[in-house]
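# Working through the structure, step by step
Residue-level listing of the chains:
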Amino acid sequence: MNFEMTEEHIAVRDAARDFAQNVLKPGVIERDNTQTFPTEYIKQLGELGFMGMMVDPKYGGSGMDTISYVLAMEEISKVDASTSVCMSVNNSLVCWGLETFGTEEQKQKYLVPLAKGEKIGAFCLSEPEAGSDATSQRTTAIDMGDHYLLNGTKNWITNGGTASTYLVIAQTDTDKGHKGINALIVERDMEGFIVGAKEDKLGIRGSDTHTLMFQDVKVPKENRIGEDGFGFKFAMKTLSGGRIGIASQALGIASGAYELALAYSKERKAFGKEISKHQAIAFKLADMATQIEAARLLCLKSAWLKDNKMNYDQASSMAKLYASEVAMKQTVEAVQIHGGYGFVKEYHVERLMRDAKITQIYEGTSEVQKIVISRNLLRD
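All of the points below concern the structure found in this document. Since we're looking at a predicted model, the values are computed, not measured. (Residues numbered from 1 in each chain as written. Predicted model: local features only at pLDDT ≥ 70, side-chain atom pairs only at ≥ 80, totals over all residues. Heavy atoms only, no water.)

### Points about the state of the cysteines
Test applied: Two cysteine sulfur atoms make up a disulfide if the distance between them is within 2.5 Å. Buried residues are those whose accessible area, probed at 1.4 Å on protein chains only, stays under 20% of the maximum for their type, while exposed residues exceed 50% and partly exposed ones sit between those limits.
Applying the stated rule across the entire model yields zero disulfides. Between Cys95, a cysteine without a disulfide, and Cys86, which holds the nearest cysteine sulfur, the sulfur-to-sulfur distance is 11 Å. Judged by relative accessible area, Cys95 falls into the buried class, the value being 1%. Considering cysteine sulfurs only, Cys86 is the nearest to Cys124, which forms no disulfide, with 13 Å between them. Judged by relative accessible area, Cys124 falls into the buried class, the value being 0%.

Below, the structure is given as structure tokens:
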């Protein structure tokens, strides 16, 4: 692996950093307070090419590599994780899934507007009882000949209330177990599709998280992704790439908190000198920087493996597991370094601490990542 960034990588990073610091940051506290979805900023991200970063330009994307995506996700997440999770889902789960496994007709109809940022996508796997366990789907898609009849409930769906295109994982044949699961493209205006109330969350409060209900929704057969029974493999392959996005989000939250803590430690004085000159704080900063750099390398390694068409399942799970733990730990440290100021919204770090927690939960909890990693380690 070459550790030197290309000119393109630097340009992408700088563009994302400029957008985050100058466009997103001024209103981020208010959006968190009011739980306001960043509609206008998502549109601007689309115009910048950040909503379909890895999609081929012939389908409206930017044609960038996964490393560029990691760099952009980190910079956006340093400031506004609510915006970056929308960007992550659209890129890693929806666009990638459609481009990799969709038909040409599906790509032209759904992928192009998603990659351009003209529309937003959602990935619908989690359920009230099954969580992210794709093998225990209660949502059913009964084969009716020329269409599927979709019934069930999905919860914790990011972009749930603002998306126009939904990739829904559902069980068609229970006797076949995971081989009887399908992935369907559902449109927002299909009859019987109901969007529930927005969740009132601890963190990423600006993101749009809803429960979705399907009541006899007729989904045309041409909206199935892949062959009959491909849904489980589709979900697993898509989630593996999605973990790179969430790991990068966690990395950004951690590095954003560190940068704020570092700057504050150079300004705040105690006992006659800046607190950064006290060994207790200096050592905290050293530990924070080291762990964040380790998380960054894990994220970049998994992206490099993906770009080089190598197996990245274990690497992405390691990146997600470690980066999310680093995000939680370092945001707590950032609040501690700020002292009482860290407990008020004006200084941003309390919001980053709240945002960090979800990175340990979605795309599979830490325990789920350890299952993936250990299975890879123990495979004959």
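### Comments concerning the pairing of strand S2 (residues 140-143)
Cut-off, in case you're wondering: Strand pairing is assigned whenever DSSP identifies at least 2 bridges connecting the two strands. In DSSP terms, a helix is any run of H or I states spanning at least four residues, a strand is any run of E spanning at least two, and both are numbered starting from the N terminus.
Summarising the sheet, S2 and strand S3 (residues 147-158) pair through four bridges and their orientation is antiparallel. Within the sheet, the bridge partner assigned to Ile142 lies in S3 and is Leu149. Linking S2 to S3, which pair antiparallel, is a turn of three residues; within it Gly145 sits at a positive phi near 100°.

### Remarks on the pairing of strand S7 (residues 209-220)
Successive side chains on a regular strand alternate, one facing one side of the sheet and the next facing the other. Across nine bridges, the pairing between S3 and S7 is antiparallel. By the bridge assignment, Gly152 is partnered in S7 with Phe214. For strand S6 (residues 193-198) and S7, the ladder comprises four bridges, and the chain directions are antiparallel. Paired with Phe193 across the two strands is Phe214, which belongs to S7.

### Brief notes about the packing of aromatic side chains
Formally: Centres within 6.5 Å are what make two rings of Phe, Tyr or Trp a pair, Trp counting through its six-membered ring; a difference in plane orientation under 30 degrees is then read as stacked, over 60 as edge-to-face, and the rest as tilted.
According to the stated counting rule, one finds 10 aromatic pairs in the structure shown. Measuring from ring centre to ring centre gives 6.5 Å for Phe230 and Phe234, while their planes differ by 55°; the resulting arrangement is tilted. Among the residues examined, Phe230 registers a relative accessible area of 18% and is labelled buried. Ring pairing ties together the aromatic residues Trp96, Phe101, Phe123, Phe230 and Phe234, which thus form one cluster.

### Digging into the environment of His278
Inclusion rule: Any two residues whose heavy atoms approach within 4.5 Å are treated as being in contact.
Mapping His278 onto the fold places it in the loop between strand S9 (273-274) and helix H8 (279-307). Sequence-wise, His278 and Gly256 are 22 residues apart; in three dimensions their C-alpha atoms are separated by 22 Å. Sequence-distant contacts of His278, that is, excluding residues within four places in its chain, are made with Ala270, Phe271 and Lys273.

### Regarding H8
Because each turn of an α-helix spans 3.6 residues, side chains separated by three or four positions end up pointing in the same direction. Going by this rule: Here a helix's expected span is defined as the number of its residues, less one, multiplied by 1.5 Å.
In this model, H8 (29 residues) spans 42 Å end to end at C-alpha, consistent with the 42 Å of a helix rising 1.5 Å per residue. Those residues of H8 lying buried are Ile281, Leu285, Met288, Gln291, Ile292, Ala295, Cys299, Leu300, Ser302, Ala303, Leu305 and Lys306. Close packing links the buried residues of H8 with helix H4 (66-79), helix H5 (81-101), helix H7 (231-267) and helix H9 (313-338). The positive-phi residue at the C-terminal boundary of H8 is Lys309, with phi of around 55°.

### Thoughts on the packing of H4 against H5
We count it as follows: With axes taken as lines fitted to C-alpha atoms, and helix axes fitted only over the stretch in contact, angles between N-to-C directions fall between 0 and 180 degrees. Angles are sorted into four bins: roughly parallel if under 35 degrees, roughly antiparallel if over 145, roughly perpendicular if 65 to 115, and oblique for all others.
At a closest axis distance of 7 Å, the pairing of H4 and H5 adopts a crossing angle of 155°. Between H4 and H5, the angle is such that the two are roughly antiparallel. Contact residues: Tyr69, Ala72, Met73, Ile76, Ser77 and Val79 in H4; Ala81, Thr83, Ser84, Met87, Ser88, Asn91 and Ser92 in H5.

### Points about unusual backbone geometry
Although it is not a glycine, Gln35 adopts a positive phi angle of roughly 55°. You can see Gln35 is positioned in the loop between helix H2 (28-34) and helix H3 (39-48).

### Let's talk about the nonpolar core
Note the cut-off: Among the buried residues, those of types Ala, Val, Leu, Ile, Met, Phe, Trp, Tyr and Cys that are joined through side-chain atoms within 4.5 Å form a nonpolar core.
Core analysis: the largest hydrophobic core is formed by 42 residues, its most contacted members being Val70, Leu285, Met288, Ile292, Cys299, Ala334 and Ile337. Sorting the residues of this core by element identifies H4, H5, H7, H8, H9 and helix H10 (349-358) as the ones contributing at least two each. At 11 residues, the largest contribution of residues to this core is made by H7. In contact with Cys299, other than residues within four places in its own chain, are Val70, Ala247, Ser248, Leu251 and Ala319.

### Observations regarding the environment of Leu297
Along the chain, Leu297 turns up in helix H8. On the basis of relative accessible area, Leu297 is assigned to the partly exposed category, the value being 35%.

### Some words on the pattern of salt bridges
Two side chains of opposite charge can pair, provided their charged atoms sit close to one another. Short version of the rule: Just to be clear on terms, a salt bridge is a Lys or Arg side-chain nitrogen sitting within 4 Å of an Asp or Glu carboxyl oxygen.
According to the stated counting rule, one finds 17 salt bridges in the structure shown. Among the salt bridges present, the one from Asp14 reaches Arg13, with a minimum N-O distance of 3.0 Å. Between Arg354 and Glu350 there is a salt bridge, with its nearest N and O atoms 2.9 Å apart. Residue Arg354 and its partner Glu350 are located together in helix H10, separated by four residues, close to a single helical turn. No difference in accessibility class separates Arg354 from Glu350, as the two residues are buried. By sharing partners, the salt bridges in this structure join Arg17, Glu75, Lys78 and Glu259 into a single network.

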